[in-house]
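The chain contents come next:
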Amino acid sequence: VNLSKLKNISICLIGTPLHFISTYKKLKKYNVDVDIANIMFHPNKIINFFINNKIISLIYKLIFNKSQYYEYKIKNVKDLKNINLKKKYDIGFHKMNFIIPDNLIIQFKSGIINDHWGTLPLFKGKSAIYYSKLFGASLFFTNHLINKDIDTGKILCYTKIDQNNINRDIYFGLKDRIIKSIVLLANNDFLNGVNNREGIVFYSMHPWLKKYVKDNI
């Protein structure tokens, strides 16, 4: 991936900063203009407690450049629509477990990228990896633009998932997927011939069915 393509491109990585540490350091090494937007809310009370912990917040401020790290405190998902970022950006990449509202999307000139754990347009929505395994499909990540509908934005790239190392690929492969998809978007380089308006939206798989898939497929 040629990071020189990101010269004069402003980037914001949105969500829990823990996901972005290695990506941030790699981009800064190449003098890329990148900020971190820490959205300090999670519907899970335990996770939300740690997200809003002052010590963890201090650690993030030490890891990231203070002038490139911003915190946005909200009380619930609905408050996302009230967030106004400190700057205007060209490209965003998010790691949040929410549907992104239009008012946040329009704050990015080229758009916000989503890291979908499934092959689009076949498996939209929640639990896509488990539904893929249940139906015997190959496993892929799909990086695509976010729009107002669920998982229907233009597709930038697919990345193969090793079925025997799913968690490794999800977490340790994230940096490469972020950088690859950002460079593609900076070049307006989308996959042709894929109609991502098609496909079925899946909802969260029931825990017993998820366990069956994990244990037997």
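Residues numbered from 1 in each chain as written. Predicted model: local features only at pLDDT ≥ 70, side-chain atom pairs only at ≥ 80, totals over all residues. Heavy atoms only, no water.

(A) Seen up close, the pattern of salt bridges. In this structure the tally under the stated criterion is 8 salt bridges. Residues D33 and K87 are paired through a salt bridge, measuring 3.9 Å at the closest nitrogen-oxygen approach. Placement of the pair is D33 in strand β2 (residues 33–40) and K87 in the loop between β3 (69–73) and β4 (89–95), with a sequence separation of 54 residues. R197 is the partner of D149 in a salt bridge, and the nearest nitrogen-oxygen pair spans 2.9 Å. Of this pair, D149 sits in the loop between β7 (140–145) and β8 (155–160) while R197 sits in the loop between α7 (174–186) and β9 (200–202), and the two are 48 residues apart along the sequence. Overlapping salt bridges, with partners in common, bring together D33, D35 and K87 in one network. (Salt bridge = Lys/Arg side-chain N within 4 Å of Asp/Glu carboxyl O. Helix = DSSP H or I, 4+ residues; strand = E, 2+ residues; numbered from the N terminus.)

(B) Structural detail: a nonpolar patch on the surface. On the surface, L134, F135, W208, Y212 and I217 cluster together into a nonpolar patch covering about 540 Å² of accessible area. Inspection of the secondary structure puts Y212 in helix α8 (residues 207–216). (Patch = residues over 30% accessible without salt bridge, like charges linked within 9 Å, V, L, I, M, F, W, Y side chains within 5 Å. Areas by Shrake-Rupley, 256 points an atom, 1.4 Å probe, with all protein chains shown as cover.)

(C) Spatial organisation of the packing of aromatic side chains. Per the stated rule, a full pass over the model turns up 13 aromatic pairs. For the ring pair Y89 and F108, a centre distance of 5.8 Å and an interplane angle of 20° mean the geometry is stacked. Of this pair, Y89 sits in strand β4 while F108 sits in strand β5 (residues 108–116), and the two are 19 residues apart along the sequence. Each member of the pair Y89 and F108 is classed as buried. Ring plane angle 55° and centroid distance 6.2 Å describe the contact between F135 and F202, whose orientation is recorded as tilted. Taken together, the residues F135 in the loop between α5 (128–134) and β7 and F202 in strand β9 connect sequence positions 67 residues apart. Overall, the relative accessible area of 55% leaves F135 in the exposed class. The buried category is assigned to F202, whose relative accessible area is 14%. Through a chain of ring-to-ring contacts, three or more aromatic side chains come together here, namely Y24, Y60, F64 and Y69. In this arrangement the basic side chain of R177 is found over the ring face of F141, its NZ or CZ atom lying 3.6 Å from the centre. (Phe/Tyr/Trp six-rings, centres within 6.5 Å; stacked < 30°, edge-to-face > 60°. Buried < 20%, exposed > 50% of the residue type's maximum accessible area, 1.4 Å probe, protein only. Lys NZ or Arg CZ within 6 Å of the ring centre and 35° of its normal.)

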